[in-house]
Each structure stands twice: as C-alpha cells, then as structure tokens.
Amino acid sequence: MKAFARLRDKVFAAAYDRMNAAAERTVMGQHRAKVIGAARGVVVEIGAGTGANLSHYDVARIDRLVLTEPDPYMRQRLQRKIDDAGPRLHEIAAAVDGSAEHIDLPDASVDVVVSTLVLCSVDDVAASAAEARRVLKPGGQLLFMEHVCSNQTSIRRWQDRLTPIQRAVAGGCHLNRDTLATFRGAGLETDGVQRWEFPGPFGRLMPIVEGAAHKPNI
Ligand SMILES: C[S@@+](CC[C@H](N)C(=O)[O-])C[C@H]1O[C@@H](n2cnc3c(N)ncnc32)[C@H](O)[C@@H]1O
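Since the model is a prediction, treat every value here as computed from it, not as a measurement. (Residues numbered from 1 in each chain as written. Predicted model: local features only at pLDDT ≥ 70, side-chain atom pairs only at ≥ 80, totals over all residues.)

Details of helix H2 (residues 72–84)
Phase 1: Between its terminal C-alpha atoms H2 stretches 18 Å, which fits the 18 Å expected from 13 residues at 1.5 Å a residue.
Phase 2: Within H2, the full set of buried residues consists of Met74, Arg75 and Leu78. Viewed along the axis of H2, the buried residues span an arc of 95°, placing them on a single side of the element. In H2, the exposed positions angled more than 90 degrees off the buried face are occupied by Pro72, Asp83 and Asp84.
Phase 3: Against helix H1 (2–36), strand S2 (62–68) and strand S3 (93–96) lie the buried residues of H2. (Helix = DSSP H or I, 4+ residues; strand = E, 2+ residues; numbered from the N terminus. Expected span 1.5 Å × (residues − 1). Buried ≥ 20, exposed ≤ 12 C-beta atoms within 10 Å, placed from the backbone. Arc of directions from axis to C-beta. Contact = placed C-beta atoms within 7 Å.)

Some details on the site of the ligand
Phase 1: The environment of the ligand is made up of 20 residues, and the closest members are Gly47, Gly49, Asp71, Ala100 and Thr116.
Phase 2: Partitioning the shell around the ligand into residue classes produces nine nonpolar, seven polar and four charged. (Near = placed C-beta within 6 Å. Nonpolar A, V, L, I, M, F, W, Y, C, P; charged D, E, K, R; others polar.)

With respect to the sheet that holds strand S6 (residues 189–196)
Phase 1: Spatial ordering of the open sheet is given by S3-S2-S1-S4-S5-S7-S6, a layout of seven strands whose pairing is mixed. What marks the edges here is a single partner per strand, and that holds for S3 and S6. Neighbour-to-neighbour, the strand axes of the sheet open up by a mean angle of 15°, direction not taken into account.
Phase 2: Looking at chain direction, strand S1 (residues 41–45) and S2 are connected through five bridges and run parallel. Residue Val43 lies in a different strand from S2, and its bridge partner there is Leu65.
Phase 3: Along the sheet, H1 makes contact with strand S4 (110–116), strand S5 (136–147) and strand S7 (208–214), crossing S5 at roughly 175°.
Phase 4: Against the sheet, helix H4 (residues 125–135) makes contact with S1, S4 and S5, and its axis sits at roughly 145° relative to S5, the strand it touches most. (Pairing = 2+ DSSP bridges. Axes fitted to C-alpha atoms, helices over the stretch in contact; angles between N-to-C directions.)

Shown next, in the form of structure tokens:
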C-alpha cells in the first residue's frame, strides 16, 4: 500500500505542471500574479508544490521566502526551480519539508502567508488556518487562492459525491471545503474576496475564492 501511495504521489508530482499548463497560461497565471504580487517582507508559502507561484513574487519586496512542502517529489521539483531561478530569488528562498498544520517558525514572526490550491488537500484545514494566524504578525496577511464548496445546493451535493474520487486521484483534494468560514473560525478577517470559475462544464465544481485575510491588530 505504501509503495502504491509513493508511486501515486510521484506520478502526481511529475504530471502536475503539464496537467495545469493550459490553465496556467489562459486563466490561473493572471490570478496568481494578482494574489502573489502583494507579498512582501517575511513570507511563508504553505504547500508550495512544484513552485507555480515562484515567478509571480515581487522579489525586490521580499526579505525571506520560506516555501514549505511535505511531499518529497513536489519538493524536488520546487528545489530545481529555485536552483534555476535568478540570483535574488535564489538568495531569499528556501524549500523546506513541512506541513501547513505545523509551521516551524515562531509566533507573530511572518508578514504574509501564501496559500494557493492547498487547503483543499491538507489533513486538518482548521489547524492550518490557526497555524497561519499563529505565525502572522498582528496586521499580517494570508494571501489565498483556493477552490471551495459551491454556494449552490445542487452543485454542493455533487461536490460531496465526487470528493472521495477526487481525493483518491488528486493528492487528497476535497471539492467541498468551506475555506472562508474556516478562516473566520480561526480569527482571520477577510478583505475583499473575489470569486471566479474556470471556463467549461467542470468549473462549477471548483469555484475559486481569492484575496487576503488579515490577522487583527489586537
Ligand atoms: C494542488 S497542489 C498545489 C500546489 C501549489 N500550491 C500550487 O498552487 O500549484 C496541493 C499541494 O498541497 C500539498 N499538501 C498536502 N497536504 C499538505 C499539508 N498538510 N500541508 C502543506 N501542504 C500540503 C501537496 O503536497 C501539494 O503540493
């Protein structure tokens, strides 16, 4: 079973960039640029995957970029992209083994946490949001682009039905998480959330929310 899981994770990591290439070019890249472009100071990206966000950071405004990724196959690819990047990214970025539920940094030490297409896959989404809040400085921001449960009951039912299959084939991904409610539950306040869908028939199964949530000053 362990050998099967390793093979599945290896194949998912190897296929990830190719699978998303068209969507990145036509839709996702511009959304990533908008969300990630706001990062500055000390930044932690959780579940950085193969490094799809790397080219969107404004590296001149970032002092330190910690990229956490628990999957060794994803992390290898991430490290390769850092190695091939320009000198500034190379200087500030580090890929580390770590989960969103346990970030190896002190309380209130981070200006920005970045999370894109990750909270659908983590084991404990509430613990991940609480951990983001813990490491953020007061006023610090969680910048996010995540796919979430639909507002429409009929679509939501399909998301519930299809989630077991999605989890099995897509690295533990859930279609039906209410991630914005989880942010609020963790004491993060959302500022201007944009909703959008991928074009095509499956877009409605993966509505996206993007924007920022901040840790209140008190
Ligand atoms: C769909 S990929 C997204 C990768 C990248 N963030 C992006 O935007 O392309 C989901 C990522 O979440 C990672 N992941 C899964 N469980 C995690 C956890 N508990 N903590 C942090 N990352 C996790 C996976 O290894 C995978 O790299």
